[in-house]
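# Chains, contacts and geometry: an overview
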Amino acid sequence: MDLLNPRALRWKIAALAAAACCAVAAVVGFLVHDATRERGLRVGTERATTRLTAAEREFERTGEAPADIDVRSRAELPAPLARDLPPRPAGGPGGTAYATWYDVDPPNWYWMWGAAVVGGDRYLVVREDMSAEVRSLQLLDRSIVKSVLAALLVVVPLAALATEPINRRLRHGARTARRIADGDLDARIGSAGRARDEITEMASAVDHMATALQNKLDNERRFTADVAHELRTPLMGLVTAAGLLPEDDEAAGLVRDRLRALNALVEDLLEISRLDAGAERARLDPVPLGELVADVVRRTDTDTRVTVEPGDADEVRTVHGASAGARGAGAVGSAGLVETDPRRVERIVVNLVANAHRHGAGPVEVTVAGTRIAVRDHGPGFPPELLADGPRRFRTGASERGRGHGLGLTVAQGQAGVLGARLTFANAPGGGALATLDLAPPPP
């Protein structure tokens with residue numbers, strides 16, 4: 001497609017080369033045309049002057065002009081020719097005054113007039129046909145145009161081909177940048193041979209940026225994992241100690257509730273660190289998706305309505321995982337089974353339902369159709385930042401959706417990536433947030 005794209009760099013460079021070629025050809029053609037025209041006029045003037053000189057000698061010797069020479073009065077001369085002639089002999093060979101005039105009336109009238117004063121009101125007049133010189137000049141112009149067109153037929157393809165190494169390096173850089181954006185932080189553009197140009201400098205800068213980004217992300221992942229692991233030991237001690245507190249004590253109940261929230265946060269941190277490290281692998285089993293989701297929602301002990309829509313019994317689709325371990329992640333068969341990892345599906349559904357209750361408003365509805373699970377609430381909807389950039393850890397992005405650490409949607413998105421599924425966020429037309437998990441997304 002790049003070959004047919006008129007805005008591609010190759011065609012811009014080819015157009016620039018063609019413009020330069022045309023500019024050079026125009027300058028050279030103008031100079032050649034002008035020089036050839038001046039030479040033709042000079043030749044016509046010399047021929048007219050030679051004939052006038054011979055006629056003047058014949059007139060002096062015999063008193064009569066040759067048969068091919070006209071003798072006219074000044075009033076009979078063409079106005080431009082008469083204007084250039086003095087009233088009496090002055091200058092010129094033999095004391096005779098000469099004048100020439102190029103008479104042009106396209107397309108068929110090209111004459112070089114010449115006149116000489118021979119005494120009184122008598123003038124010798126000659127006409128030289130300049131059609132041959134004009135036709136030669138026209139043929140020269142056409143030859144120049146044809147030569148330029150022939151040169152363009154060679155220059156433009158050669159310029160387009162000459163840019164191919166540049167285009168190849170730029171396309172490689174663009175592909176590498178997309179791989180880095182998709183999460184392959186080990187991808188690098190690298191150097192292309194011994195080239196030391198602007199593209200090499202750009203590639204080096206992008207590689208340096210990718211290395212710095214990878215180091216920062218690795219440091220962040222290590223920090224998250226270290227914090228979660230360091231918190232786990234004292235947290236277990238706190239949980240054990242809280243279990244010794246009286247059951248009927250209101251303060252003890254508040255402590256146990258906060259410890260459960262803190263324990264959930266630490267578990268989320270550990271899960272995110274494993275997802276970031278790419279250590280998670282999907283274990284696939286055929287499961288009835290509708291029954292699985294209904295059971296998961298029931299165990300959340302929330303006021304959530306579950307709807308399982310009948311799917312196409314003859315339809316069989318296979319999910320191709322986007323990450324290692326998610327190959328062939330699912331199929332819907334005649335028995336309504338979906339081949340997927342039930343534990344990860346459960347984790348995603350629980351997080352989506354909890355997020356809908358915590359930051360949205362009822363009623364919360366879960367709909368299962370084929371390999372698609374949709375969770376909708378009727379609250380203010382997702383904030384624009386989340387719709388544009390996706391969920392970000394430790395940030396909810398909207399005060400109207402409540403305050404929180406913002407890890408639930410991040411974990412759900414990471415687990416969907418392990419499954420090779422697609423988790424999308426949108427706002428429903430009638431209001432409220434809509435999160436959709438597609439276990440069998442279409443190929444990109």
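Residues numbered from 1 in each chain as written. Predicted model: local features only at pLDDT ≥ 70, side-chain atom pairs only at ≥ 80, totals over all residues. Heavy atoms only, no water.

Operational definition: UniProt positions are given in the numbering used here, feature names are shortened, and annotations may be inferred rather than shown by experiment.
Going by an unreviewed UniProt entry, the protein chain carries the name histidine kinase and comes from Streptomyces californicus. Here the protein chain is described in UniProt, under the heading Subcellular location (unreviewed entry), as follows: "Cell membrane". Word for word, the UniProt comment on the protein chain under Catalytic activity (unreviewed entry) is "ATP + protein L-histidine = ADP + protein N-phospho-L-histidine."

### Structural notes on the overall build of the protein chain
As a reminder of what qualifies: In this text, helices come from DSSP runs of H or I with a minimum length of four residues, and strands from runs of E with a minimum of two, each type numbered from the N-terminal end. Each residue is assigned to one of three classes by its accessible area relative to the maximum for its type, calculated with a 1.4 Å probe on protein chains only: buried under 20%, partly exposed between the two thresholds, exposed over 50%. Whether two residues are in contact is decided by their heavy atoms: any pair within 4.5 Å suffices. All accessible-area figures derive from a Shrake-Rupley calculation using a 1.4 Å probe, and residue coverage is judged against the displayed protein chains alone.
Along its length, the protein chain carries 10 helices and 13 strands. Considering the protein chain as a whole, with its 444 residues, one finds that 34% of them fall into the buried category. Contacts spanning at least 24 positions in sequence make up 59% of the contacts within the protein chain whose residues lie at least 6 apart. Summed over its atoms, the accessible surface of the protein chain is roughly 25800 Å², and 57% of this surface lies on carbon and sulfur atoms.

### Overview of empty space enclosed by the protein
The condition is simple: Detection works on a 1 Å grid of protein atoms alone, calling trapped sets that fit a 1.4 Å probe cavities and calling open sets with protein on both sides within 12 Å along at least five of seven lines pockets, with lining residues defined by an atom within 4 Å of a point. Grid points are joined across faces, edges and corners, and a volume is the space filled by probe spheres set on the points. Only Asp, Glu, Lys and Arg are considered charged, only Ala, Val, Leu, Ile, Met, Phe, Trp, Tyr, Cys and Pro nonpolar, and every remaining residue, Gly among them, polar.
A complete count under the given rule lists 2 cavities of 30 Å³ or more for this structure. Approximately 60 Å³ is the volume attributed to the largest cavity. Broken down by secondary-structure element, the contributors of at least two residues to the lining of the largest cavity are helix 8 (342–359), strand 11 (372–376) and strand 13 (433–438). By residue class, the composition of the lining of the largest cavity is 8 nonpolar, 1 polar and 3 charged.

### Describing unusual backbone geometry
Omega for the bond connecting P106 with P107 falls within 30 degrees of zero, at 5°, which places this linkage in the cis form. Tracing the backbone through its elements, the reader meets P107 in the loop between strand 2 (98–105) and strand 3 (109–119). In this structure, the amide linkage connecting G362 to the following residue, P363, adopts the cis form with an omega of -5°. Not every positive phi belongs to a glycine, and D301 is a case in point at roughly 55°. With respect to the secondary-structure elements, D301 resides in the loop between helix 7 (289–299) and strand 6 (304–309).

### Details of the pattern of salt bridges
Our working definition: Salt bridge criterion: a side-chain nitrogen from Lys or Arg within 4 Å of a carboxyl oxygen from Asp or Glu.
Overall, the coordinates contain 14 salt bridges when judged by the stated rule. The shortest N-O distance in the salt bridge between R171 and E164 comes to 2.7 Å. A network of salt bridges, in which partner residues are shared, links R47, R51, D68, E128 and E133.

### Observations concerning the packing of aromatic side chains
Between two aromatic rings, the relevant description is the distance of the centres plus the angle of the planes. To keep it simple, the criterion reads: Think of it this way: a Phe, Tyr or Trp ring, Trp meaning its six-membered ring, pairs with another when their centres are within 6.5 Å, and the plane angle makes it stacked under 30 degrees, edge-to-face over 60, tilted otherwise. Criterion for a charge above a ring: Arg CZ or Lys NZ at most 6 Å from the ring centre, at most 35 degrees from the ring normal.
Counted by the stated rule, this structure contains 3 aromatic pairs. With a centroid separation of 6.2 Å and an interplanar angle of 35°, the aromatic rings of W101 and W113 are classed as tilted. Remark: W113 occurs in strand 3 and W101 occurs in strand 2; sequence separation between them is 12 residues. The class of W113 is buried, set by a relative accessible area of 7%. The ring of W111 has R127 sitting right over it, with the charged end atom 4.4 Å from the ring centre.

### A word on the sheet that holds strand 2
Operational definition: Should DSSP find at least two bridges between two strands, the strands are regarded as paired. Axis definition: a line fit to C-alpha positions, over the contact stretch in the case of helices; interaxial angles, taken between N-to-C directions, run 0 to 180 degrees.
If you trace the 4 strands from one edge of the open sheet to the other, you get 1-4-3-2, paired in antiparallel fashion. Because the sheet does not close on itself, it has two edges, and the strands there are strand 1 (70–72) and strand 2. Mean inter-strand twist for the sheet, computed between neighbouring axes without regard to direction, equals 30°. Where strand 3 lies against strand 4 (residues 122–129), 8 bridges are found, and the strand directions are antiparallel. By the bridge assignment for strand 4, M112 is matched with E128. Along the sheet face, helix 1 (residues 9–62) touches strand 2, strand 3 and strand 4 and points at about 140° away from the line of strand 4. Across the sheet, helix 3 (residues 131–162) lies against strand 2, strand 3 and strand 4, angled at about 145° from strand 3, the strand it touches most.

### Observations concerning the UniProt feature "transmembrane region" (unreviewed entry) in the protein chain
In the numbering used here, UniProt assigns the feature "transmembrane region" (unreviewed entry) to residues 13–32. Helix makes up 100% of residues 13–32 and strand makes up 0%, while its end C-alpha atoms are separated by 28 Å.

### Quick look at the side chain of D207
Going by this rule: A positive count includes Lys and Arg, and a negative count includes Asp and Glu. His and the chain ends are not counted in either. For this analysis, a polar contact is any N or O atom pair within 3.5 Å, provided that within protein one partner can donate a hydrogen and the other can accept it, and provided that sequence-adjacent residues contribute only side-chain to side-chain pairs.
By the secondary structure assignment, D207 is in helix 5 (residues 198–243). Buried charged residue D207 carries no salt bridge. Nearest counter-charge: R188, at 5.0 Å. A distance of 2.9 Å separates a polar side-chain atom of D207 from the backbone nitrogen of G190. For D207, the contacting residues outside a window of four places in its chain are R188, I189 and G190.

### Side note on the environment of G370
Considering the arrangement of structural elements, one finds G370 in the loop between strand 10 (364–369) and strand 11. Since its relative accessible area comes to 26%, G370 is described here as partly exposed. For the pair formed by G370 and P310, sequence separation is 60 residues and the distance between their alpha carbons is 7.3 Å.

### Considerations on a nonpolar patch on the surface
As a reminder, the rule being used: Each patch groups residues whose relative accessible area exceeds 30% and which form no salt bridge, using 9 Å between like charges and 5 Å between nonpolar side chains of Val, Leu, Ile, Met, Phe, Trp and Tyr.
A contiguous nonpolar patch, built from L9, I166, L170 and M202 and spanning about 280 Å² of accessible area, is present on the exposed surface. Relative to the helices and strands, L170 is located in helix 4 (residues 164–181). Looking at L170, the relative accessible area reads 31%, which means it is partly exposed.

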